[in-house]
Structures are given as structure tokens and as C-alpha cells.
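# Descriptive structure summary
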Amino acid sequence: GENVEQHPSTLSVQEGDSAVIKCTYSDSASNYFPWYKQELGKGPQLIIDIRSNVGEKKDQRIAVTLNKTAKHFSLHITETQPEDSAVYFCAAMDTGRRALTFGSGTRLQVQP
Amino acid sequence: NAGVMQNPRHLVRRRGQEARLRCSPMKGHSHVYWYRQLPEEGLKFMVYLQKENIIDESGMPKERFSAEFPKEGPSILRIQQVVRGDSAAYFCASSPLPPGGTDTQYFGPGTRLTVL
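In this report, we go over the structure that sits alongside the text. All of these numbers come straight from a predicted model, not from anything done at the bench. Position numbers for residues count from 1 along each chain, tracking the sequence in the order it is written. Note on labels: chains are lettered from A, ligands numbered from 1, in written order. Side-chain atom pairs in this predicted model are given and counted only at pLDDT of 80 or more, local residue features only at pLDDT of at least 70, and totals for whole chains, interfaces and linings cover all residues. Excluding hydrogens and water, the side-chain values take into account all heavy atoms of the structure.

Residue and element names in this part refer to chain B. For two strands to count as paired, DSSP must find a minimum of two bridges between them. Numbering of helices and strands runs from the N terminus, with a helix taken as a DSSP run of H or I at least four residues long and a strand as a DSSP run of E at least two residues long. Ordered by their spatial adjacency, four strands build an open sheet running E1-E3-E8-E7, and the pairing between neighbours is antiparallel. Strands with a single pairing partner mark the edges of an open sheet, and in this sheet they are strand E1 (5–7) and strand E7 (65–68). Pairwise comparison of adjacent strand axes, ignoring direction, gives a mean angle of 15° for this sheet. Where E7 lies against strand E8 (residues 75–79), four bridges are found, and the strand directions are antiparallel. Its bridge partner being in E8, Ala-67 is matched across the sheet by Leu-77. Whenever a helix is involved, its axis is fitted only over the stretch in contact; in every case the axis is a line through C-alpha atoms, and angles between N-to-C directions fall within 0 to 180 degrees.

What follows is the structure in C-alpha cells.
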């Protein structure tokens, strides 16, 4: 089955700096890669996603890149703000199966 | 447009009791997924259902756990004879019918189950 590795497990940045979170996946059949933000006591909230026919996608301060050859995808947050502090999860899906496989999460702390 | 709804938000059970977790998908969504999250870990897939059908239950323990999504009413995740190891947050997600946008799963707020 699919295995998703996520690094780092914790990340602390100063407000205004950039944050990068990296994930690798093992199953070449995976073709959909969402990123979720989870705040304490809440459910995961989709922040951006990318499909395997695209190498990069951007939405304001958030961008995701995908390298299918290396089976690697990354989340980039620019101009971080204290409200970006949360746990971020990457995930991978083979859309034929529809089950998401999640990484172990990155706790991002943005220091004001 | 209401999002995915789950209830109860918190559930406390003693060992050996039954737990019933409910999920109402977003309006217009007919695909439901259940995931379990242990403390400080990522979410783990349990089961994927459409109305009146279990499509994929490969992540669900073979014993004590069952799920349904009836023609009318919410999806139910049922855990019989709960043990302490069942303590976790259980999240439901939903997605719309194909085609288009079917890959995106929208999550509810979760049910936090504590087994005493």
C-alpha cells in the first residue's frame, strides 16, 4: 500500500518568513495530493491540492510543487502570519481507490 | 451551505460498551469516508461508503467495527465492546458525485472518543 513520509515534524519560523514542508510517497499510482491544516480540536481543512498532471500550483501565499519522478511534493507558505500556526498534513490518493494516505503531520509555529 | 456534521463531538464510554458515531455529509455529497486519528499522529483511512454500499473497508478492523450509510439518514460508525485502544478522534469526510471535484474530501469536526 501507499506510504507517505512527512518532514519536518516541527517547524518554528518568525512572522514574515517562509515555511517549507516536504513529503514523499511510495505508490506511483497516486495521482492526487492535498494539503490540510488542522487547528487544535478541529477537523482538517483543505488548503491546497495538486493533481499529477501539474507540477506547481499557487494560491496567494500558499504554493505546492510536485515532482512525480522523485515521488516528492512540498508545501510553501510565504509571508507567514501567527494565524498560520497549526498542524499541517500532506496526503496522497490513488483516485481509483479514493482512500487518502496521510503523512504524520508538521506542527508549524509562527513567532510574532 | 452547512459543512460535514458529526455528532456527538465528545463521547465517553466504559470498556465493553458500544459507541455510535454519526456523520451527515455536505449537501449534495453521496460519498462518505471515515478516518481515525490517534494522538499526535496522522489520520488513518478506515472505510469508504456510498449510499447503501460499502465500497472499501480495507482500513477497518475486522472485529467490533462496522459502518453503514443508509438511503435515509446519516452514516454511522459503530464500535462494539470498546477497549481503551479505541480512544481516538474519528473524522468523517464527504465528497460529491463524479464527475469533477470528486477527489476533494471535506472533513467534519470529528468525534473524540474516550474509553475509560
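Let us keep going from here.
Moving on: the nonpolar core. Take the buried residues of types Ala, Val, Leu, Ile, Met, Phe, Trp, Tyr and Cys, join any two whose side-chain atoms come within 4.5 Å, and each joined set is a nonpolar core. Only protein chains enter the accessibility calculation, which uses a 1.4 Å probe. A residue is then buried if its area is under 20% of the maximum for its type, exposed if over 50%, and partly exposed in between. Judged by nonpolar contacts, the single largest core of 24 residues is most densely connected at A:Trp35, A:Phe73, A:Leu75, A:Tyr88 and A:Leu108. Those elements that place two or more of their residues in this core are strand E2 (10–14), strand E3 (19–25), strand E4 (32–38), strand E5 (45–51), strand E7 (62–67), strand E8 (72–77), strand E9 (86–92) and strand E11 (106–111) of chain A. Counting residues in hydrophobic clusters, the runner-up holds 23 residues, among them B:Val4, B:Ala19, B:Cys92 and B:Leu113.

This part covers the pairing of strand E1 (residues 4–7) of chain A. Residue and element names in this part refer to chain A. Only one face of E1 is buried: it carries Val-4 and Gln-6, and the other face, with Glu-5 and His-7, is open. Relative to E3, E1 runs antiparallel, the two sharing four bridges. Pairing of Val-4 across the sheet is with Tyr-25, part of E3.

Moving on: the pairing of E7(A). All names here are of chain A. Of the strand pairs in this sheet, strand E6 (residues 56–59) and E7 are connected by four bridges, and their pairing is antiparallel. Each bridged residue has a counterpart across the sheet, and for Asp-59 the counterpart in E7 is Ile-62. Remark: two residues form the turn of the hairpin made by E6 and E7, two consecutive strands paired antiparallel; Gln-60 in that turn has positive phi of roughly 55°. In the sheet, E7 pairs with E8 via six bridges, with the strands oriented antiparallel. Within the sheet, the bridge partner assigned to Ile-62 lies in E8 and is Ile-77. The hairpin formed by E7 and E8 contains four residues between the paired strands, and Lys-71 there has a positive phi angle of roughly 55°.

All names here are of chain B. Disulfides are defined in this document as cysteine sulfur pairs within 2.5 Å. Enumeration according to the criterion identifies two disulfides over all chains in this entry. Covalent S-S linkage joins Cys-23 and Cys-92, the inter-sulfur distance amounting to 1.8 Å. The sign of the -50° torsion about the S-S bond sets the Cys-23-Cys-92 disulfide as left-handed. A residue pair is termed long-range when its members are at least 10 positions apart, and Cys-23 in strand E3 (residues 19–24) and Cys-92 in strand E9 (residues 88–96) qualify at 69 residues. For Cys-92, a relative accessible area of 0% puts it in the buried group.

As a further point, take the interface of chain A and chain B. Whether two residues touch is decided by their heavy atoms; if any such pair falls within 4.5 Å, the residues are in contact. Tallying the contact residues gives 21 residues for chain A and 23 residues for chain B. For the pair chain A and chain B, the summed buried surface comes to about 1,600 Å²; carbon and sulfur atoms form 46% of the total. The rule for a salt bridge is simple: a side-chain nitrogen of Lys or Arg has to be within 4 Å of a carboxyl oxygen of Asp or Glu. Counting across the interface, chain A meets chain B through two salt bridges. Of the charged contacts in the structure, one is a salt bridge between B:Glu40 and A:Arg107, with a shortest N-O distance of 3.4 Å. Here the buried area means the combined drop in accessible surface, using a 1.4 Å probe, for two parts upon being joined, counting both sides.

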